[in-house]
Amino acid sequence: MTVRIVIGAQFGDEAKGKITDYLAADARYVVRTGGGPNAGHSIHLPEGVVVLHQLACGVLRHGTVGVSGPGMVVQPFKFEEEMQDLERRGLLRGEVVLSDRAHVLLPVHEVEDGWEDDLRAKTNPAAAIGTTRRGIGPAYADRAGRWGLRAGDLTRPAILKERLELLYATKAHIPGLPPLPELLSRLSEVAGRLAPLIRPTESMLWDAVDRGENILLEGAQSALLDVDFGTYPYVTSSHPTSAGALVGSGIPPTAVDEVIGVTKAYTTRVGGGPFPTEETGEMGEFLRRTGGERGATTGRDRRCGWLDLVHLRYAARLNGLSSFAVTKVDVLGGLDEVPVGVQYVLPDGSTARDVLPSQSDDLAHAQPVYERLPGWPEFHERLKERIRREGARALPATLRRFLDRITEETGVPIEYVGYGPSRDDTVRLEPNPPPRRPPRLAAWTG
Ligand code: GDP
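Residues numbered from 1 in each chain as written. Predicted model: local features only at pLDDT ≥ 70, side-chain atom pairs only at ≥ 80, totals over all residues. Heavy atoms only, no water.

1. Regarding the pattern of salt bridges
And then number 1: Summed over all chains, the structure comprises 41 salt bridges.
And then number 2: A salt bridge links Arg61 to Asp21; the shortest N-O distance between them is 3.5 Å. Of the two residues, Arg61 is situated in the loop between strand 4 (48-52) and strand 5 (65-68) and Asp21 in helix 1 (residues 16-23); the sequence distance between them amounts to 40 residues. Just as Arg61 is buried, Asp21 falls in that class too.
And then number 3: Between Arg389 and Glu390 there is a salt bridge; the shortest N-O distance is 3.9 Å.
And then number 4: Under the relative-accessibility criterion, Arg389 is labelled exposed at 61%.
And then number 5: In this structure, a network of salt bridges that share partners links the residues Arg313, Arg353, Asp354, Glu371, Arg401, Arg405, Glu408 and Glu409. (Salt bridge = Lys/Arg side-chain N within 4 Å of Asp/Glu carboxyl O. Helix = DSSP H or I, 4+ residues; strand = E, 2+ residues; numbered from the N terminus. Buried < 20%, exposed > 50% of the residue type's maximum accessible area, 1.4 Å probe, protein only.)

2. Brief notes about the site of the ligand
And then number 1: Close to the ligand lie 18 residues, the nearest being Lys16, Gly17, Ser42, His44 and Asp330.
And then number 2: Between an oxygen atom of the ligand and a main-chain N or O atom of Ala15, the distance comes to 2.9 Å.
And then number 3: At 3.0 Å from an oxygen atom of the ligand is found a main-chain nitrogen or oxygen belonging to Lys328.
And then number 4: Considered on its own, the ligand offers 580 Å² of accessible surface; in the complex 91% of this is hidden by protein.
And then number 5: Going through the elements one at a time, helix 1 and strand 3 (41-45) are the ones with two or more residues in the shell around the ligand.
And then number 6: Tallied by class, residues from the shell around the ligand come to four nonpolar, seven polar and seven charged. (Near = heavy atom within 4 Å. Polar contact = N/O pair within 3.5 Å; in protein donor to acceptor, adjacent residues only side chain to side chain. Areas by Shrake-Rupley, 256 points an atom, 1.4 Å probe, with all protein chains shown as cover. Nonpolar A, V, L, I, M, F, W, Y, C, P; charged D, E, K, R; others polar.)

3. As for the domain arrangement of the protein
How big an interface is tends to be reported as the loss of accessible area on association of its parts.
And then number 1: When the domains of the protein are assigned, the result is domain 1 (3-61 + 212-428) and domain 2 (103-196).
And then number 2: On a C-alpha basis, the centres of domain 1 and domain 2 stand 30 Å from each other.
And then number 3: In this assembly, 15 residues from domain 1 lie in contact with twelve residues from domain 2.
And then number 4: Summing both partners gives a buried area of about 990 Å² for domain 1 against domain 2, and 58% of it is carried by carbon and sulfur. (Domains from an automatic or database assignment. Contact = heavy atoms within 4.5 Å. Buried area = accessible area lost by both parts, 1.4 Å probe.)

4. A word on helix 9 (residues 282-291)
And then number 1: Residues of helix 9 that are buried: Gly284, Leu287, Arg288 and Gly291. Summarising the axial view, the buried residues of helix 9 lie within an arc of 95°, below the 170-degree limit, and thus occupy one face. Those residues of helix 9 that are exposed and angled more than 90 degrees off the buried face are Glu282 and Arg289.
And then number 2: Among the structural elements, strand 12 (266-269) and strand 13 (303-308) are those in contact with the buried residues of helix 9.
And then number 3: Just past helix 9, the residue Gly292 takes up positive phi, approximately 60°. (Arc of directions from axis to C-beta.)

5. Quick word on the environment of Ile260
And then number 1: Looking at where Ile260 falls in the secondary structure, it is placed in strand 11 (residues 258-264).
And then number 2: Distance from Ile260 to Gly8, taken between C-alpha atoms, is 8.5 Å for residues 252 residues apart in sequence.

6. Describing the sheet that holds strand 19 (residues 426-428)
And then number 1: With respect to topology, ten strands assemble into an open sheet ordered 9-7-5-2-10-1-11-14-18-19, the strand pairing being mixed. The open sheet has two free edges, formed respectively by strand 9 (198-199) and strand 19, since each of these has just one partner strand.
And then number 2: In this sheet, strand 11 lies alongside strand 1 (residues 3-8) in parallel orientation, the contact comprising five bridges. Opposite Ile5, over in strand 11, you have Val259 as the bridge partner. (Pairing = 2+ DSSP bridges.)

7. Side note on the pairing of strand 14 (residues 323-327)
Two faces make up the sheet, and in a regular strand the side chains alternate between them.
And then number 1: The buried count for strand 14 comes to five of five residues, which makes it a mostly enclosed element.
And then number 2: Because side chains alternate across strand 14, one face comprises the buried residues Ser323, Ala325 and Thr327, and the other comprises Phe324 and Val326, equally buried.
And then number 3: Pairing of strand 11 with strand 14, which is carried by five bridges, proceeds in the parallel orientation. From the neighbouring strand, Lys264 faces strand 14, where its bridge partner is Thr327.
And then number 4: Both strand 14 and strand 18 (residues 414-418) contribute to a ladder of three bridges, which runs parallel. Bridge pairing links Ala325 to Tyr416 in strand 18.

Have a look at this one:
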């Protein structure tokens, strides 16, 4: 049996969806452990492209349970729409389960999110975070403040009304909220339809661990957006790390076998915040165009730049990564050379290699130091065919060199390489050294 965690090692959009979908082939449970409708995991199936926002990618496979876990903030109307959309397309093949402990994100939070970011920008134009305005921050704030509603409350009409009235009492200062009676009535309707899916999920997963079943924890957002360890305040409001995946599912650390960090062969970021290896000129435009770097949820252009090994070393240690999945290597195909950021020079003249400075201001003025690696050929269909036939030994030698450099610099082997958007465009490497197993806590024998 295996419990695996899939974590984004950068700022999101690394193709976690595709890698999780690839690994879901032999999983019995796939669990989304955090975030909400701000996530958008794109998966290219033979039937077309699916973008999953609040459902775990396990729902696309027969015999798999897709759990929207306790760490999430779920917008119930959008949750239902997402299910209906998949059903209409004949793609809802697995079972959908929603944790009764997941928090409910309401249209109230969406209005509040926009109001808050406008307030930041009005007070100081440089301070706008550029949130997705999907209500994530306010919903997590209400969870921490004990004002929140949980999915389990949806199935108890009296508690639902009580909790909603309490929540509204905290938001009198926010203009443009939907009237309470109208929201209550819409919520009551959707609750009736979602009720059969809402149940305790932690005990279901503990039992699955005991039975030795394969479980995949699907992270949303990414390590460098962690509310504590990311580039605060330009972060998300949850913990998209391996530790967060445990809190967001209820699975204990001693049950985990593998932690896979997903990284692109370059870097992208959406919204504000420091990005030392960003390319703002022609090269940035090339990466955006060739990589199709536009948000699946927001439609916003992503900022683009080179791979940053400071990020990857930091993410490796923070998450206890046992291996990397490196995606979108095809996007860089055909370049003469591929720069890779190896360290920063900070404003005070010191260098940073392994640890991301905690002050975003230092990072905003950090000068990256690059190593330039030889590029690899374009990924024509013939090369892709060869890789599908022969496996990783058909990867171009200069690409292997690039991958080896990542392992040399981070100590983490590469286990998967993505070379195209489709489900099949992923190859497994026989890593040398083999994937690291995160240290298990020794059993305490008294
Ligand atoms: P996620 O949120 O981390 O799952 O990432 P997104 O879905 O937002 O973004 C990844 C995008 O890259 C999607 O459009 C994928 O279809 C696409 N994609 C995934 N893997 C690859 C790859 O190896 N090569 C290319 N060219 N595109 C990929």
